[in-house]
Each structure stands twice: as C-alpha cells, then as structure tokens.
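Residues per chain are reported as follows:
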Amino acid sequence: MNAAETNYLAAVWPHSLTSAMAERRTGVKSSEPRKSPVRFRKKHLLSVADLTRDEATGLLDRAEAFAPLLEQQIKKLDTLRGRTLINLFFENSTRTQSSFELAGKRMGADVVNMSVKSSSVAKGETLIDTAATLNAMRADLLVVRHGSSGAAELLSQKVDCAVINAGDGKHEHPTQALLDAFTIRARLGDIEGLTIAICGDVLHSRVARSNVALLNILGARVRLIGPPTLMPAGADRWGADVFTDMRKGLDGADVVMMLRVQRERMNGGFFPSAREYFWFYGLDEDKLKHAKPGALVMHPGPMNRGVEIDSSVADNPAVSLIETQVRMGVAVRMAVLEALNGGGEP
Ligand code: CP
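Read on for an overview of the structure. The shown structure was predicted, so the numbers you read here are calculated from the model rather than taken from an experiment.

Definitions and limits used
- Residues numbered from 1 in each chain as written.
- Predicted model: local features only at pLDDT ≥ 70, side-chain atom pairs only at ≥ 80, totals over all residues.
- Heavy atoms only, no water.
- Helix = DSSP H or I, 4+ residues; strand = E, 2+ residues; numbered from the N terminus.
- Expected span 1.5 Å × (residues − 1).
- Buried < 20%, exposed > 50% of the residue type's maximum accessible area, 1.4 Å probe, protein only.
- Pairing = 2+ DSSP bridges.
- Axes fitted to C-alpha atoms, helices over the stretch in contact; angles between N-to-C directions.
- Contact = heavy atoms within 4.5 Å.
- Right-handed = clockwise from strand over helix to strand, strands pointing away.
- Polar contact = N/O pair within 3.5 Å; in protein donor to acceptor, adjacent residues only side chain to side chain.
- Near = heavy atom within 4 Å.
- Nonpolar A, V, L, I, M, F, W, Y, C, P; charged D, E, K, R; others polar.

Here's the deal with helix α7 (residues 174-188)
End to end, α7 covers 21 Å across 15 residues, agreeing with the expected 21 Å (1.5 Å per residue, within 8%). Most of α7 is tucked away: 13 of the 15 residues are buried.

Structural data, given as structure tokens:
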C-alpha cells in the first residue's frame, strides 16, 4: 500500500483505532478481526431493547470485522449465498433501504426491493396478505419499514422467515441505534461512561427510543433535550435525564445526537415556526460550545438544515460524524444479517 492509499484509508476508516479497541476488548490481535459470527438466539430483530449487552457488543464487534472489507476493491462474501432478502418499505427511505440492499449483496444474498407504490398494496392488499405472499416465495430475511408502531412484530408472527425492523412508526429503529453506537465506538473507543445528549423531536422519534435503550445497555449516560411539546410523557422513565433548555442539556456532553423534526407525523402546532425552533433547539456553533470541548455531532438523516441543525456544524468534518454514520450502516447491517441467518434457537 502506498502513502496515498494509507492516507485515504486513514481518512475513510479509522481502522488503527478500531483495531486497537477490538484487541483490548477481545484479546484477538488487530490483524485478526473477530472471525466467528455472533451467537444470536433470536429469530428476529424487532427492538434493541430485546438485546443483551453481549449480543449488542457481539454485533458491533462483528461489524468491526466487516468494515475493512467495504474499503477493498472486491467486497463480496458468500455467507448468504442462496438466501433471499426482501426489502419491504412502506415509508420512504434513502439510507436504510440502500444500506440493507448493499449489505445483503455484499454477503452474497439475492436482494429484492419491493416497491410498495407499484405493488398490490396500492390496490388495497393488507399488510398480512402481502407478508403471506412473500412468505410463500420462501424469502429468508424480510426487512420491513412501516408507519405503524408494531407492524414489524405483527409480520414476524405471520411469516416463517427472519424479520428485521427497519423502522416502525414512533416505536423503534434498531439498526440505526446499532450503527450510531458503532460510529461512536469507532471514534471514541468505548461507550461506557460517555454522556450522550439526544436533542429535538423526541416525541415522534423511533431513533431516539432505540438509542436510549441501546446506549443504556452499553453503559452511557443519556440525556433527552427538546421542547415540552415534543417530549413524550414519561420520557424521564426511559433511562435518560430530560432537559427543555438546550444549553443546560448540552453541558459537558461528549456526543450530541440531533433528531429530525418529523413534520410528516405532526398534525398540529408543536412549535410556532421553524425559525423559532432553530433559535431554541437548532444546533449551531454557539450552542455546541456548551458541550464538552471536542464534542462530536450526529444526525440519522435526512436533515432539515436550518431547522434542527446548521450547515456550519453538519458539514464540519472536525465535529460531524454524519457521513461516517452512513458508511458504518452497511457493516452493521451485514453483522445483523449474518446473526439472523442462524435462524435463532428454540
Ligand atoms: N436514518 C434513516 O432511517 O434514514 P432513511 O429514512 O433515509 O432510511
């Protein structure tokens, strides 16, 4: 490898850091990334709250082993050769759908993207009938996004294959939380003991719910920050400290996760205007100064620039992990597909 290639790899993938981390954690030399798949007893991935700490850490370790592969010219494995993965997205997606598609293809699976708009769902077919149809085609892995909380769990009871929740209503988005944790771990070494502030439209956010659950499992201190109108009742019982003053909530935070304002789920006036929302809860350079010096910024995407985040922060590579999150998503989803390929244990 020449110097230019070394610099490129260091820029796109902080492998020396993650290899050292993996070595400390697993005792496996950095030149030998964890070779064995995760022992995963569950048939489906519906909620991160169902994961044990060992299962969550195992998935992140395995993603760490896959990540360098994605920087190579030939990125294919044959772990899922002969398997069929169906992406069934009832809501729009750029990152999650393409990331599962790439992850499935990198693992050697046949991948089918169901276009709901042009499927029989548009003619009134029910979710259950759609699932039964796909089941009859002997899919092995079904990745589902749906606007209703609980839709992925319902499907998992009706089909034989493994179901992965790619976002269900306001409930959960498990692989987003896993890729967020993987991104933090790759940059900061360990999640245990970090203070992580999750800010914005908590009320409508499945990303917030999954992140609070997973970050608690992994030993972080979690804060939720947002206007009272966008903070669910009982959020203080999720395992997070709740703040309505953004500057106070950011004080001393190692990582600031911004949430998208989900206007499509709002049927009333949750805040007076986008301009006022940005004034109080939009992350800009000034508000970021209240977090720990060197604090890192994340956002699951898609971003509303000038509403929940300012471009001066989002596009600043010294603080923003937003592009890294997207890149990490493929490795994390490869780890999840591999784990579920085992079929669970009785
Ligand atoms: N983060 C996320 O779920 O993005 P998409 O809606 O583009 O999949």
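Re the sheet that holds strand β7 (residues 241-243)
Taken together, the five strands give an open sheet; going across it, the order is β7-β6-β5-β8-β9, and neighbouring strands pair in parallel fashion. Of all strands in the sheet, those with a lone pairing partner are β7 and β9 (296-298), marking the two edges. Adjacent strand axes in the sheet meet at a mean angle of 20° when their direction is disregarded. As judged from the four bridges shared by strand β5 (residues 195-199) and strand β8 (residues 255-258), these two strands associate in the parallel manner. Within β8, the residue paired with A197 across the bridge is V256. Contacts between helix α8 (residues 206-217) and the sheet are confined to β5, β6 (221-225) and β8, with β5 contributing the most and set at about 170° to the helix.

Here's the deal with the pairing of strand β2 (residues 110-115)
Where strand β1 (residues 84-89) meets β2, six bridges bridge the pair, whose relative direction is parallel. The residue of β2 that forms the bridge with L85 is V111. Handedness of the crossover joining β1 and β2 through helix α4 (residues 95-106): right-handed.

Examining the sheet that holds β1
The four strands lie next to each other as β2-β1-β3-β4, forming an open sheet whose pairing is parallel. Among the strands making up the open sheet, the edge pair consists of β2 and β4 (162-168). On average, each strand axis in the sheet is tilted by 15° relative to the strand beside it, whichever way the strands run. One ladder, built from five bridges, connects β1 with strand β3 (residues 141-146); its direction is parallel. By the bridge assignment, L88 is partnered in β3 with V144. Lying on the sheet, α4 is in contact with β1, β2, β3 and β4; it crosses β1 at an angle near 180°.

With respect to the environment of M246
Assignment of secondary structure puts M246 in helix α9 (residues 246-250). Looking at M246, the relative accessible area reads 2%, which means it is buried. In this structure M246 touches C199, I225, M258, F280, Y281, G282, L283 and K287, once residues within four positions along its chain are discounted.

Describing the side chain of Q325
Structurally, Q325 is set in helix α13 (residues 322-341). Residue classification places Q325 among the buried positions, given a relative accessible area of 2%. A polar side-chain atom of Q325 sits 3.0 Å from the main-chain amide nitrogen of H299. Among all residues touching Q325, those that are not within four sequence positions of it are Q176, L179, D180, T183, M298, H299 and P300.

With respect to the side chain of D284
Inspection of the secondary structure puts D284 in the loop between α10 (274-281) and α11 (285-288). You can call D284 buried: its relative accessible area is 18%. A distance of 2.9 Å separates a polar atom in the side chain of D284 from the backbone nitrogen of K287. Each residue touching D284, except ones within four places of it in the same chain, is listed here: F278, D310 and V313.

Side note on the site of the ligand
Taken together, N92, S93, T94, R95, T96, R145, H173, Q176, P300 and G301 form the complete shell of residues around the ligand. The contact in question runs from an oxygen atom of the ligand to an N or O atom on the backbone of R95, over 2.9 Å. Between an oxygen atom of the ligand and a side-chain N or O atom of T96, the distance comes to 2.6 Å. Taken together, the residues that form the shell around the ligand break down as one nonpolar, seven polar and two charged.

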